[in-house]
Amino acid sequence: MSNTEREAGEGGEQSFISHLIELRERLLKAIVAVLLVLLVLLPFADRLYHFIAEPLLQRLPQGSQMVAIDVASPFMTPVKLAFYVALFVAMPAVLYQAWAFIAPGLYRHEKRMALPLLVSSVLMFYLGCAAAYYVVLPKVFTFLLGVTPQGVSMMTDIGHYLDFVITMFFAFGLCFEVPVVVVILAWLGWVNIEQLTHQRRYVILGAFVLAAVVAPPDVLSMLLLAIPMCLLYEIGVLAVRVFVRVPRTRDESAA
């Protein structure tokens, strides 16, 4: 092996190691951001749980209440919620660290597109969670309490309730990412506007199938998830028409 080849190999190895070191530093900073927010939120964990439980508590019959089945639930469930909220609040800092790691390897036109998509994805996820809390959960609990058989008291375990609410937040947060996903697929050149338009019927069918699997087992929840997904898909198609052009090759971009 020549000296030039040896130096090139050593340079590549050093570059790989430096990337690993930077990745570790970025991960540590993201973890620290989440932990700092968690430490701030821990004293308010009980208040956070009361806030998240409001959609159900306000609709329970007078005298009814939630219960804690497991011995440690009164302590662990609010702490678990505080962690989820900390991750939720610190997500911009976490994504900034991810962006700072990958941005140097992107071309200028990729940065111009990637950063707005990253910001939009975060905002849309937050919007989906807000829609789940303020619109969907009140209607779902009103429906479920309305169909409770006579003589049956609805006394929900606080741990099971939190799991249910987090699942709904996650489902609607991902649901609201549909426009971003559509734009990304078109930007990458994997689909074009004609394909997006012609495949609309299959998207609608897929939205209802996915909603039937993810949403709680009632028709109302399925509709409240499937219909927004269809509307958001149309918003994504409109965004592709307005913002996305035929992607250039990387060679053209580098020229």
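First things first, this report covers the structure right here in the doc. (Residues numbered from 1 in each chain as written. Predicted model: local features only at pLDDT ≥ 70, side-chain atom pairs only at ≥ 80, totals over all residues. Heavy atoms only, no water.)

Comments concerning the overall build of the protein chain
In step 1: On a plain count of helices and strands, the protein chain comes out with ten helices and zero strands.
In step 2: Going from the N terminus to the C terminus, the protein chain shows its helices and strands as α-α-α-α-α-α-α-α-α-α.
In step 3: Within the span of the protein chain, comprising 255 residues, buried residues form 34% of the whole.
In step 4: Long-range contacts, defined as pairs at least 24 residues apart, comprise 84% of the intrachain contacts of the protein chain with a sequence gap of at least 6.
In step 5: Put simply, the protein chain shows about 15900 Å² of open surface, and 68% of that area lies on carbon and sulfur atoms. (Helix = DSSP H or I, 4+ residues; strand = E, 2+ residues; numbered from the N terminus. Buried < 20%, exposed > 50% of the residue type's maximum accessible area, 1.4 Å probe, protein only. Contact = heavy atoms within 4.5 Å. Areas by Shrake-Rupley, 256 points an atom, 1.4 Å probe, with all protein chains shown as cover.)

A closer look at the packing of helix H6 (residues 178–187) against helix H9 (residues 219–243)
In step 1: At a closest axis distance of 7 Å, the pairing of H6 and H9 adopts a crossing angle of 35°. Our pair here, H6 against H9, has a crossing hand that is right-handed. Contacts between H6 and H9 involve Val178, Pro179, Val182, Val183 and Ala186 on the former and, on the latter, Met229, Leu232, Tyr233, Ile235, Gly236, Val237, Ala239 and Val240.
In step 2: Class assignment for the residues of the contact of H6 with H9 results in twelve nonpolar, one polar and no charged. (Axes fitted to C-alpha atoms, helices over the stretch in contact; angles between N-to-C directions. Left-handed = near helix turned anticlockwise from the far one by under 90°. Nonpolar A, V, L, I, M, F, W, Y, C, P; charged D, E, K, R; others polar.)

Concerning the nonpolar core
In step 1: By size, the foremost hydrophobic cluster in this structure holds 49 residues, and its most contacted members are Tyr49, Ile52, Tyr161, Phe169, Phe172 and Val240.
In step 2: The element best represented in this core is helix H4 (residues 108–146), accounting for twelve residues.
In step 3: Not counting the four nearest positions on each side in its chain, Ile52 is found in contact with Leu81, Tyr133, Tyr161, Val165 and Phe169.
In step 4: Ranked by size, the runner-up nonpolar core spans seven residues in total, among them Leu41, Ala45, Ala82 and Ala86. (Core = buried A, V, L, I, M, F, W, Y, C linked by side-chain atoms within 4.5 Å.)

Some details on the pattern of salt bridges
In step 1: Per the stated rule, a full pass over the model turns up three salt bridges.
In step 2: The residue Arg26 makes a salt bridge to Glu22 at a minimum N-O spacing of 3.8 Å. Of this pair, Arg26 and Glu22 both sit in helix H1 (residues 3–41), separated by four residues, roughly a single helical turn.
In step 3: In this structure Glu22 comes out as partly exposed when scored by relative accessible area, which is 25%.
In step 4: One salt bridge connects Lys80 with Asp163, and the closest N-O pair in it is separated by 3.0 Å. Of this pair, Lys80 sits in helix H3 (residues 73–102) while Asp163 sits in helix H5 (residues 158–175), and the two are 83 residues apart along the sequence.
In step 5: With relative accessibility at 35%, the residue Lys80 sits in the partly exposed group. (Salt bridge = Lys/Arg side-chain N within 4 Å of Asp/Glu carboxyl O.)

A few points about the state of the cysteines
In step 1: Evaluated as defined, the whole model comprises zero disulfides.
In step 2: Looking at Cys230, it has no disulfide partner, and the nearest cysteine sulfur is the one in Cys175, 8.9 Å off. (Disulfide = S-S within 2.5 Å.)

Section: the packing of H4 against H6
In step 1: Across the interface, H4 lies against H6 with an axial gap of 9 Å and an inter-helix angle of 160°. Judged on the interaxial angle alone, H6 and H4 are roughly antiparallel. In the crossing of H4 with H6, the sense of the turn from one axis to the other is left-handed. Of H6, the residues touching H4 (which contributes Glu110, Met113, Leu117, Ser120, Ser121 and Met124) are Pro179, Val180, Val183, Ile184 and Trp187.
In step 2: Considering only residue class, the contact of H4 with H6 consists of eight nonpolar, two polar and one charged. (Parallel < 35°, antiparallel > 145°, perpendicular 65-115°, else oblique.)

Things to note about the side chain of Ser73
In step 1: As for its position among the elements, Ser73 is in helix H3.
In step 2: With a relative accessible area of 7%, Ser73 lands in the buried category.

Notes on the environment of Ala45
In step 1: By secondary structure assignment, the location of Ala45 is in helix H2 (residues 45–57).
In step 2: For Ala45, a relative accessible area of 6% translates into the label buried.
In step 3: The spacing of Ala45 and Ala82 is 37 residues in sequence and 5.6 Å in space, taken between C-alpha atoms.
In step 4: Beyond its immediate stretch of four places on either side in the chain, Ala45 contacts Pro78, Val79 and Ala82.

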